[in-house]
Amino acid sequence: MCGRFALTATPHQTAAFLGLAELEGFPPRYNIAPSQPVLMALAGPPRGPGSNLPDRQAMLVRWGLIPAWVEDTKAFPLLINARSENVLQKASFKTAMRHRRALVPASGFYEWQQSGSAKGQPYWIRPRRGGVVALAGLIETYSEPGGSEMDTGAIITTEANAGIAHVHDRMPVVIEERDFARWLDCRTQEPRHVLDLLKPAAPDFFEAIPVSDLVNRVGNTGPEIQERGIVSPQAEKLRRQKPGADENQMSLF
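Chemist: Give a detailed account of the overall build of the protein, specifying residues and quantitative values.
Modeler: Secondary structure summary: the protein contains four helices and 12 strands in total. Its C-alpha atoms give the protein principal-axis dimensions of roughly 65 × 45 × 35 Å. Long-range pairs, those at least 24 residues apart, make up 67% of the contacts in the protein with a sequence separation of at least 6. Total accessible area computed for the protein in this model is approximately 12600 Å², and 51% of it derives from carbon and sulfur atoms. For the protein, the separation between the mean place of its 28 positive charges and that of its 27 negative charges on side chains is 3 Å.

Okay, structure coming up:
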């Protein structure tokens, strides 16, 4: 699954990559977690003849999709990921797949390699060529009983490629730049027409770098969490025994 990611590119770089008008300023984000605001891009309204304005728009959505038909959000699970294999069959994602497909800009993502009962060795997984990638996303606008609306979203995942399968068996779907328009086109491209895009990236697309367990805590948001490091099994054991240790910090993943 994809439970944490980062976006460290500048607003200008991000907007240029996604084909957006200029974005408002935002700082580098090294540890984006579920329930936090996430930048996504989707198709905008049709432009008039001769317009040179971008036909895509940016949205900030809460990471954790809530389908429109949910009555009790407290009893509904946090849908941060949608599996590509059944995204057309799942009631939670069918409407978003038809009407609100999106791109999620990212500089890379984090995954945990499990070993025994420990919480696992975290890896920073980034594109070998650097820069920004676009993950396949879905957006759903949820209307609360009081009348207010909340934009929510999820990231689509698929089976891991051979390059990172040793870390985890799932990975987010990467939409190539040449396929942005087709993926975002919900007017003429039905969901079945874009299923071929929901596939693993090439085996050499990403590199997986072991990092320390600083990334485990949502409150750690600096670049140091991406520095190479190894979680010592003994250090992990001592940390778990330390009074007041946060044993539930990874409960979402």
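From this point, things continue past the structure.
Chemist: Pulling in residues and values, what's your account of the pattern of salt bridges?
Modeler: Following the criterion strictly, the structure yields five salt bridges and no others. When the shortest N-O distance is used, the salt bridge between Asp 196 and Arg 182 registers 2.9 Å. Of this pair, Asp 196 sits in the loop between α3 (180-184) and β12 (206-210) while Arg 182 is found in helix α3, placing the two residues 14 residues apart along the sequence. Classification of Arg 182 as partly exposed rests on a relative accessible area of 27%. The partner of Glu 190 in a salt bridge is Arg 192, with the nearest N and O atoms 3.1 Å apart. We classify Glu 190 as partly exposed; its relative accessible area is 32%.

Chemist: Explain the pairing of strand β9 (residues 133-143) to me, using residue names and the numbers behind them.
Modeler: Taking burial as the measure, the 11 residues of β9 include nine buried ones, the bulk of the element. Relative to β9, strand β6 (residues 101-106) runs antiparallel, the two being bridged by six bridges. Each residue of the ladder has a partner; that of Pro 105, found in β9, is Ala 134. Bridging between β9 and strand β10 (residues 149-159) involves seven bridges; their strand directions are antiparallel. Considered in β10, the bridge of Leu 138 is made with Ala 154. Hairpin connection, β9 to β10: the antiparallel pair is bridged by five residues, and Gly 147 has positive phi, about 105°.

Chemist: With reference to specific residues and values, describe the packing of aromatic side chains.
Modeler: Per the counting criterion, the structure on display carries six aromatic pairs. Taken together, a centroid distance of 5.4 Å and an interplanar angle of 90° make the contact between Phe 17 and Phe 180 edge-to-face. Pair noted here: Phe 17 is in helix α1 (residues 11-18) and Phe 180 is in helix α3, with a separation of 163 residues, a long-range link. For the ring pair Phe 205 and Phe 206, a centre distance of 4.9 Å and an interplane angle of 80° mean the geometry is edge-to-face. Grouping residues by exposure puts Phe 205 and Phe 206 together as buried. Of the aromatic side chains, those joined through ring pairs into one cluster are Phe 109, Phe 205 and Phe 206. The side chain of Arg 101 reaches across the aromatic face of Trp 183, ending 5.5 Å from its centre.

Chemist: Account for the layout of surface pockets, naming residues and giving values.
Modeler: The volume enclosed by the largest pocket comes to roughly 230 Å³. Forming the boundary of the largest pocket are 13 residues, of which Gly 25, Phe 26, Arg 29, Leu 39 and Leu 60 lie nearest the centre. A per-element tally of the lining of the largest pocket places strand β3 (residues 37-43) first, with three residues. For the lining of the largest pocket, a count of residues per class yields 10 nonpolar, one polar and two charged.

Reading the values: the criteria
Residues numbered from 1 in each chain as written. Predicted model: local features only at pLDDT ≥ 70, side-chain atom pairs only at ≥ 80, totals over all residues. Heavy atoms only, no water. Helix = DSSP H or I, 4+ residues; strand = E, 2+ residues; numbered from the N terminus. Contact = heavy atoms within 4.5 Å. Areas by Shrake-Rupley, 256 points an atom, 1.4 Å probe, with all protein chains shown as cover. Lys, Arg positive; Asp, Glu negative; His and termini not counted. Charge placed at Lys NZ, Arg CZ, Asp CG, Glu CD. Salt bridge = Lys/Arg side-chain N within 4 Å of Asp/Glu carboxyl O. Buried < 20%, exposed > 50% of the residue type's maximum accessible area, 1.4 Å probe, protein only. Pairing = 2+ DSSP bridges. Phe/Tyr/Trp six-rings, centres within 6.5 Å; stacked < 30°, edge-to-face > 60°. Lys NZ or Arg CZ within 6 Å of the ring centre and 35° of its normal. 1 Å grid on protein atoms, 1.4 Å probe; cavity = no way out; pocket = protein on both sides within 12 Å on 5 of 7 lines; lining within 4 Å. Points joined across faces, edges and corners; volume = space filled by probe spheres on them. Nonpolar A, V, L, I, M, F, W, Y, C, P; charged D, E, K, R; others polar.

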